Amino acid sequence: MYYFIVVLHIVVSLALMGAILLHSGKGGGLSGSFGSGLSGGFSSGTVVEKNLDRITVILAVIFTLNVLALVFLF
């Protein structure tokens, strides 16, 4: 059980770092390259940003719960 939580923590940490780095800053960022050049109703840059925001929040919640599990269970 302990090893599963530690491995999950490592995977979620790396995924969270990747999701944060994909966010656009002042210069547009990497997330602008996924879908912003396409002309379509549902494949615009704003949809990509919203989905990336959701993924980042979900990963942050999983990360927080995982840290709490590591602190209180072990």
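About the thresholds
Starting from 1, residues in each chain are numbered consecutively following that chain's sequence as written. With the structure being a predicted model, the display of local features is reserved for residues of pLDDT at least 70 and the display and counting of side-chain atom pairs for 80 or more, all residues being used for whole-chain, interface and lining totals. Hydrogens are left out, water is left out, and the side-chain values use all remaining heavy atoms of the structure. Only DSSP runs of H or I with at least four residues qualify as helices, and only runs of E with at least two residues qualify as strands; both kinds are numbered from the N terminus onward. Each residue is assigned to one of three classes by its accessible area relative to the maximum for its type, calculated with a 1.4 Å probe on protein chains only: buried under 20%, partly exposed between the two thresholds, exposed over 50%. Residues are treated as being in contact if the distance between any of their heavy atoms lies within 4.5 Å. In this description, accessible areas are obtained by the Shrake-Rupley approach with a 1.4 Å probe, and a residue is regarded as covered only by the protein chains that are shown. Axis lines are fitted through C-alpha atoms, for helices just across the contact stretch, and the angle between N-to-C directions can take any value from 0 to 180 degrees. Oblique is the label for every angle not falling under 35 degrees (roughly parallel), over 145 degrees (roughly antiparallel), or within 65 to 115 degrees (roughly perpendicular). Crossings are assigned a handedness: left-handed for a near helix turned anticlockwise from the far helix by less than a right angle, right-handed for a clockwise turn. In this count, Pro and Cys sit with the nonpolar residues alongside Ala, Val, Leu, Ile, Met, Phe, Trp and Tyr, while Asp, Glu, Lys and Arg are called charged and the others, Gly among them, polar. Helix span, as expected, comes to 1.5 Å for every residue beyond the first.

A. Broad picture of the overall build of the protein chain. Looking only at helices and strands, the protein chain has two helices and zero strands in total. Expressed as a percentage of the 74 residues in the protein chain, the buried residues total 16%. At a minimum sequence separation of 6, the contacts of the protein chain that also span at least 24 residues come to 68%. Just so you have it, the protein chain exposes about 5,400 Å², and 76% of that area is on carbon and sulfur atoms.

B. Just the side chain of Asn-66, in detail. Mapped onto the elements of the fold, Asn-66 is located in helix 2 (residues 45-73). With residues near it in sequence (within four places) discarded, Asn-66 still touches Ile-5, Leu-8 and His-9.

C. Region of the structure containing the packing of helix 1 (residues 2-22) against helix 2. Packing of helix 1 against helix 2 brings their axes to within 9 Å, and their N-to-C directions diverge by 150°. With respect to helix 2, the element helix 1 is oriented roughly antiparallel. Our pair here, helix 1 against helix 2, has a crossing hand that is left-handed. Residue-level contacts link Tyr-2, Ile-5, Val-6, Leu-8, His-9, Val-12, Ser-13, Ala-15, Leu-16, Ala-19, Ile-20 and Leu-22 of helix 1 to Leu-52, Thr-56, Leu-59, Ala-60, Ile-62, Phe-63, Asn-66, Val-67, Leu-70 and Leu-73 of helix 2. When grouped by side-chain class, the residues that make up the contact of helix 1 with helix 2 number 18 nonpolar, four polar and no charged.

D. Layout of helix 2. Relative to the 42 Å expected for 29 residues at 1.5 Å per residue, helix 2 spans 41 Å between its end C-alpha atoms, a close match to the ideal helical length. Contacts made by the buried residues of helix 2 are with helix 1.

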